[in-house]
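# Chains, contacts and geometry: an overview
Residue-level listing of the chains:
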Amino acid sequence: MLGLKLPTDPRWVNIVEKNIKEILTDHAFCEQKATSTAISLIVSFPEYTDLVQEMTALVKEEISHFKMVHDKIIERGWTLGRDRKDDYVIALVKFFPKGGSRTTQLVHRLLYAALIEARSCERFRLLSEELEDKTLAEFYRNLMVSEANHYTMFLGFARQYGIKEEVDAKWQALLEYEAEIMSKLGHNESIHG
């Protein structure tokens, strides 16, 4: 369903289990960045009323996810750690050239967002199936559904605002590029890394 070209090695969960605090911190900041992305799309493309409506709802959902993850951190007696750079996203956003029409810029941003959500969904599924901590596994199972919905929403908007055939070709090329990125990652306790 997600179309990812390179699945995450299930051994990644072993890395995560050695430092749950780090994955929760990274996850919290991923939710915060997703909130910021939705706000940025509203600010950058206010003329797309249906997008603004959906992004407004997404802001509420993503910030509630941030709180849920932050609550998990507090429940365990920890505090939220500092944000760190996301090598995955840094590499991903280099794929499309800068510039182009506003519509092209929008489509590219939507495709990036769709792919980030798809990879998050895939990672959450893995955590839900493989984590020994069953409470945390259930937590990730519940979030996995949201990520899948976000992925399809962003991809749907890209196809709505762009020329479908061109968008689909860009999507496939982006998926191939993302697989190359993922082949070099998966060695630390981060949602995308």
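Quick summary incoming for the structure in this document. Sequence positions are assigned chain by chain, starting from 1 and proceeding in written order. Per-residue local features are limited, in this predicted model, to residues with pLDDT of at least 70; the limit for side-chain atom pairs, both in listing and counting, is 80 or more; totals at the level of whole chains, interfaces and linings are taken over all residues. Calculated side-chain values reflect all of the structure's heavy atoms, with hydrogen atoms and water omitted.

### Details of the layout of surface pockets
Roughly 620 Å³ of internal volume is contained in the largest pocket. In this analysis, the protein atoms alone were mapped onto a 1 Å grid. Cavities are point sets where a 1.4 Å probe fits without being able to get out; pockets are open sets with protein on both sides within 12 Å along at least five of seven lines; lining residues have an atom within 4 Å of a point. Around the largest pocket sit 29 residues that line it, and Thr37, Val89, Val93, Tyr112 and Ile116 are the ones nearest its centre. A run of H or I in DSSP counts as a helix once it spans at least four residues, and a run of E counts as a strand once it spans at least two, with each numbered from the N terminus. Elements that contribute at least two residues to the lining of the largest pocket include exactly α2 (20-44), α5 (102-130) and α6 (134-161). Sort the elements by how many residues they give to the lining of the largest pocket and α5 lands first, with 9 residues. Residue polarity follows a fixed list, in which Ala, Val, Leu, Ile, Met, Phe, Trp, Tyr, Cys and Pro are nonpolar, Asp, Glu, Lys and Arg are charged, and the others, Gly among them, are polar. Here the residues of the lining of the largest pocket sort into 14 nonpolar, 7 polar and 8 charged. Grid points are joined across faces, edges and corners, and a volume is the space filled by probe spheres set on the points.

### Observations concerning the packing of α2 against α6
The N-to-C vectors of α2 and α6 enclose an angle of 25 degrees; their axes lie 14 Å apart at closest approach. It follows from the interaxial angle that α2 and α6 lie roughly parallel. Relative to α6, the crossing made by α2 is left-handed. Together, Ile20, Leu24, His27, Glu31 and Leu41 of α2 and Leu136, Phe139, Tyr140, Leu143, Glu147 and Phe154 of α6 make up the contact between the two elements. When its residues are assigned to classes, the contact of α2 with α6 shows 8 nonpolar, 1 polar and 2 charged. The axes are straight lines fitted to the C-alpha atoms, using for helices just the contacting stretch, and the angles between their N-to-C directions are given from 0 to 180°. Working rule for angles: under 35 degrees goes down as roughly parallel, over 145 as roughly antiparallel, 65 to 115 as roughly perpendicular, anything else as oblique. Here is the rule for handedness: rotate from the far helix to the near one, and if that takes an anticlockwise turn smaller than a right angle the crossing is left-handed, while a clockwise turn gives right-handed. Contacts are assigned to residue pairs with any non-hydrogen atoms lying within 4.5 Å of each other.

### Some details on the side chain of Glu117
Along the polypeptide, Glu117 turns up in helix α5. For the buried Glu117, no salt bridge is present, and the opposite-charge side chain at shortest range is Arg119, 12 Å distant. For Glu117, the contacting residues outside a window of four places in its chain are Ala34, Glu62, Glu147, His150, Tyr151 and Phe154. Each residue's exposure class comes from its accessible area (1.4 Å probe, protein chains only) as a fraction of the maximum for that residue type: buried when under 20%, exposed when over 50%, partly exposed otherwise. Note that His is not counted, nor are the chain ends; the positive residues are Lys and Arg, and the negative ones are Asp and Glu. The term salt bridge refers to a pairing of a side-chain nitrogen on Lys or Arg with a carboxyl oxygen on Asp or Glu at a separation within 4 Å.

### Some thoughts on the environment of Asp26
Within the element layout of this structure, Asp26 appears in helix α2. Residues Asp26 and Ile191 lie 165 residues apart in sequence; the distance between their C-alpha atoms is 6.6 Å. Apart from residues no more than four positions distant in its own chain, Asp26 is found in contact with Arg84, Glu189, Ser190, Ile191 and His192.

### So, helix α3 (residues 49-75)
Look at α3: 39 Å from first C-alpha to last across 27 residues, which is about the 39 Å you get at 1.5 Å a residue. Turning to α3, its buried residues number three or more, namely Leu51, Val52, Met55, Leu58, Val59, Glu62, His65, Phe66, Val69, Lys72 and Ile73. Turning to α3, the residues buried within the fold contact α2, α5 and α6. The length a helix should cover is 1.5 Å for every residue beyond the first.

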